[in-house]
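What the coordinates show
Spelled out from the first residue to the last, the chains are:
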Amino acid sequence: MTLRARPSRRDLIAGAAGTLALATAGRVAAQTGKPNIVFILADDLGYADVSCYGQRDYMTPNIDRLALEGMRFTQAYANSAVCSATRTALITGRYQYRLTVGLEEPINASTPKNIGLPPSHPTLPSLLGNAGYRTALVGKWHLGFLPDYSPLKSGYEHFFGIFGGAADYFNHGADHARTGAESYQLHEEEVPVERHGYMTNLLGDRAVDTIAGYARSREPFLLSLHFTAPHWPWEGPDDEAESKRIRSIMHRDGGTQKTYAKMVQSLDANIGRVLQALDVHGLSENTIVVFTSDNGGERFSKTWPFTGMKSELLEGGLRIPAIARWPGHIAAGSVSDQAMITMDWLPTLVAMAGARPDPAYPSDGEDLAPALAGAAPHPRKFYWRYKAGSQRAIRDADWKYLRIAGNEFLFDVTQDPRERANLRDRYKNVFDRLKGDWEAWNATMLEERPRPAAFSQPGNVTADHYGVVNPAPPPQSAAQR
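Overview of the structure. Everything numeric in this text was worked out from a predicted model, so none of it was measured.

Describing the packing of helix α5 (residues 199–217) against helix α7 (residues 257–280)
Packing of α5 against α7 brings their axes to within 9 Å, and their N-to-C directions diverge by 10 degrees. Relative to α7, the element α5 is oriented roughly parallel. Contact residues: α5 offers T200, N201, G204, D205, A207, V208 and I211, while α7 offers S266, L267, N270, R273, V274, A277 and L278. Residues belonging to the contact of α5 with α7 are distributed by class as follows: seven nonpolar, five polar and two charged.

Here's the deal with the nonpolar core
Core analysis: the biggest nonpolar cluster contains 102 residues, and F73, I271, F291 and W345 have the highest contact counts within it. Here this core gets 10 residues from one element, more than from any other, and that element is α7. Ignoring anything within four residues of it in the chain, the contact list for F73 reads Y53, A322, S336, Q338, M340, W345, L368, A371 and L372. Ranked by size, the runner-up nonpolar core spans 35 residues in total, among them A89, L314, I394 and L423.

Description of the environment of A339
Along the chain, the position of A339 falls in the loop between β11 (334–336) and β12 (340–341). Through-space distance from the C-alpha of A339 to that of R247 is 41 Å; in sequence the pair is 92 residues apart. The residues contacting A339, other than those within four sequence positions of it, are Q75, R380 and F382.

Topic: empty space enclosed by the protein
Counted under the stated rule, the structure contains three cavities of 30 Å³ or more. In this model, the largest cavity occupies a volume close to 100 Å³. Residue assignment for the lining of the largest cavity shows that the elements contributing at least two residues are α3 (83–92), β4 (134–140) and β8 (221–226). Element by element, the count of residues in the lining of the largest cavity is highest for α3, at three residues. Broken down by class, the residue content of the lining of the largest cavity amounts to eight nonpolar, two polar and two charged. Considering only enclosed or pocket space, the second largest cavity measures out at about 40 Å³ in volume. Along the walls of the second largest cavity sit Y97, L103, E105, R385, K387, E448 and R449, which together make up its complete lining.

Observations regarding the pattern of salt bridges
Scanning the model with the defined rule gives 32 salt bridges in all. A salt bridge links R449 to E104; its shortest N-O distance comes to 3.3 Å. On the criterion of sequence distance, the pair formed by R449 in the segment after α11 (428–442) and E104 in the loop between α3 and α4 (124–130) is long-range, its members being 345 residues apart. In terms of burial, R449 and E104 fall into one category: buried. One connected set of salt bridges, linked through shared partners, spans D43, R87, K140 and D294.

Observations regarding the packing of aromatic side chains
Per the counting criterion, the structure on display carries 23 aromatic pairs. Relative to W345, the ring of F39 lies with its centre 6.0 Å away and its plane at 80 degrees, an arrangement referred to as edge-to-face. On the criterion of sequence distance, the pair formed by F39 in strand β1 (residues 36–42) and W345 in helix α9 (residues 345–352) is long-range, its members being 306 residues apart. According to the relative accessible area criterion, F39 is buried, its value standing at 1%. Here the aromatic cluster, defined as three or more aromatic residues joined through ring pairs, consists of Y95, Y97, Y383, W438 and W441. It is R72 that lies over the ring of Y53; its NZ or CZ is 5.1 Å from the centre. Residue placement shows K113 over the ring face of F145; its charged tip is 4.4 Å from the ring centre.

Comments concerning α3
Across the 10 residues of α3, 10 count as buried, placing the element largely inside the fold. When α3 is considered as a whole, its buried residues turn out to be C83, S84, A85, T86, R87, T88, A89, L90, I91 and T92. The inward-facing, buried residues of α3 abut β1, α4, β4, β8 and α9. Where α3 ends, the next residue or the one after it, G93, has phi of about 75 degrees, a positive value.

A short note on the pairing of strand β14 (residues 391–396)
With six of six residues buried, β14 lies mostly within the body of the structure. Residues of β14 alternate between two faces, with Q391, A393 and R395 on one and R392, I394 and D396 on the opposite face, all of them buried. Across six bridges, the pairing between strand β13 (residues 381–386) and β14 is antiparallel. The partner of F382 across the bridge, within β14, is R395.

Points about the packing of helix α2 (residues 61–69) against α7
Contact geometry of α2 with α7 gives a least axis separation of 7 Å together with a crossing angle of 50 degrees. Comparing their axes, α7 and α2 come out oblique. Taking contact as the criterion, the partners of P61, N62, I63, R65 and L66 in α2 are, on α7, D268, A269, I271, G272, L275 and D279. Residues that form the contact of α2 with α7 fall into these classes: six nonpolar, two polar and three charged.

What about unusual backbone geometry?
The omega torsion across E105 and P106 is -5 degrees, close enough to zero to call that bond cis. Topologically, P106 is positioned in the loop between α3 and α4. Look at the link from A229 to P230: it is a cis peptide, with omega at 0 degrees. Located in the positive-phi region is S311, a residue other than glycine, with phi close to 80 degrees. Looking at the element boundaries, S311 is found in the loop between β9 (287–293) and α8 (315–318). For S311, a relative accessible area of 6% corresponds to the buried category.

Calculation notes
Residues numbered from 1 in each chain as written. Predicted model: local features only at pLDDT ≥ 70, side-chain atom pairs only at ≥ 80, totals over all residues. Heavy atoms only, no water. Axes fitted to C-alpha atoms, helices over the stretch in contact; angles between N-to-C directions. Helix = DSSP H or I, 4+ residues; strand = E, 2+ residues; numbered from the N terminus. Parallel < 35°, antiparallel > 145°, perpendicular 65-115°, else oblique. Contact = heavy atoms within 4.5 Å. Nonpolar A, V, L, I, M, F, W, Y, C, P; charged D, E, K, R; others polar. Core = buried A, V, L, I, M, F, W, Y, C linked by side-chain atoms within 4.5 Å. Buried < 20%, exposed > 50% of the residue type's maximum accessible area, 1.4 Å probe, protein only. 1 Å grid on protein atoms, 1.4 Å probe; cavity = no way out; pocket = protein on both sides within 12 Å on 5 of 7 lines; lining within 4 Å. Points joined across faces, edges and corners; volume = space filled by probe spheres on them. Salt bridge = Lys/Arg side-chain N within 4 Å of Asp/Glu carboxyl O. Phe/Tyr/Trp six-rings, centres within 6.5 Å; stacked < 30°, edge-to-face > 60°. Lys NZ or Arg CZ within 6 Å of the ring centre and 35° of its normal. Pairing = 2+ DSSP bridges.

Okay, here's the thing in structure tokens:
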């Protein structure tokens, strides 16, 4: 038997140093490859709901950190004023009105089950997967239900979250239906699971674990972290009693500004945990982090200086925070006035990752690389429509045409962001041109869905929407009854 000498303290230190050097070399090697991507999407977060965009009632230090270390966009738009339509544009890079699923405003319990994101359509995760990326979605999907539609059928390798539009923050297991038809159960891949805890924390936990796993594999990855916060129900981390009280997560008698602040602060804290995980695993320098929202804010949100809210094509329903950080590539503390829109992220991230777009499905978005490099803003042209209220909008440079509930407007949204001065008669030539441009564009899109679409915030629900009344439902035929 050969006896081995016991290693000295110097040998142990040298060995540890060598191990550290190897680990560091591994991390450096990982850093020199394709950039990782962490895409953080908040749900119904208003433009000024975070402190770096104007919130003063509470602070969001971790989201602020992203702005301090990256670029903050001041003219970022959502593709729609509601959840699943914007998510269609995000994952495809195209106007949502090109797909049947994108006509849903939003997908809900009454949506026909044969409507969803076609698995055959190329997506951000599938395009990155083709380029060697690992892909995972943690959080909200909202693009169709099993068995035909799923994140796993549209490019993601792993999924932990909900299939529908919302879930109770505490009751998200087998008893989820107790809180209404729009409350959905947590799933692990495509299997329902029971997990106890506050939803925002559970998604943060899984994101941190996912980052740790990818750090060990040393492969480039896309982590889509789509929080359900601060979407209703109005429950902060200490509000489990409210979860037990309500029978519908669309509780009209719940919520306060204080509760909403706690929900946003919990979102911010879990984003901080994700940033810390990137730091701990040495991934921060080569990871693109994007933070944004799927549409404008809802009931308790701060949308200043804009008017309007979720489900409206006023600026408050469309303008969102948008921040991108990539150390060494995006200047720290930079601010861009470049107008941009949700569907821009697909061509931008695909290009940054060195992946190839599918020429059969050209993006309607624009690569934001020049803006992220500090280029001067250039004019953009965006189009929207929303069936409830027969809403239409187009922004062309500084001009915006808007039709809502039968009324038409022309605004200069750079000089008048609150959309108060109607310039349609003063600049009739501009008004007519934009209206005609919208009609020409609309003719290239799918027709709006045939099913009725009611205002989600009529006057009997939201006091400052007085006069907004949903029409009575049409009489049903004997066959329909």
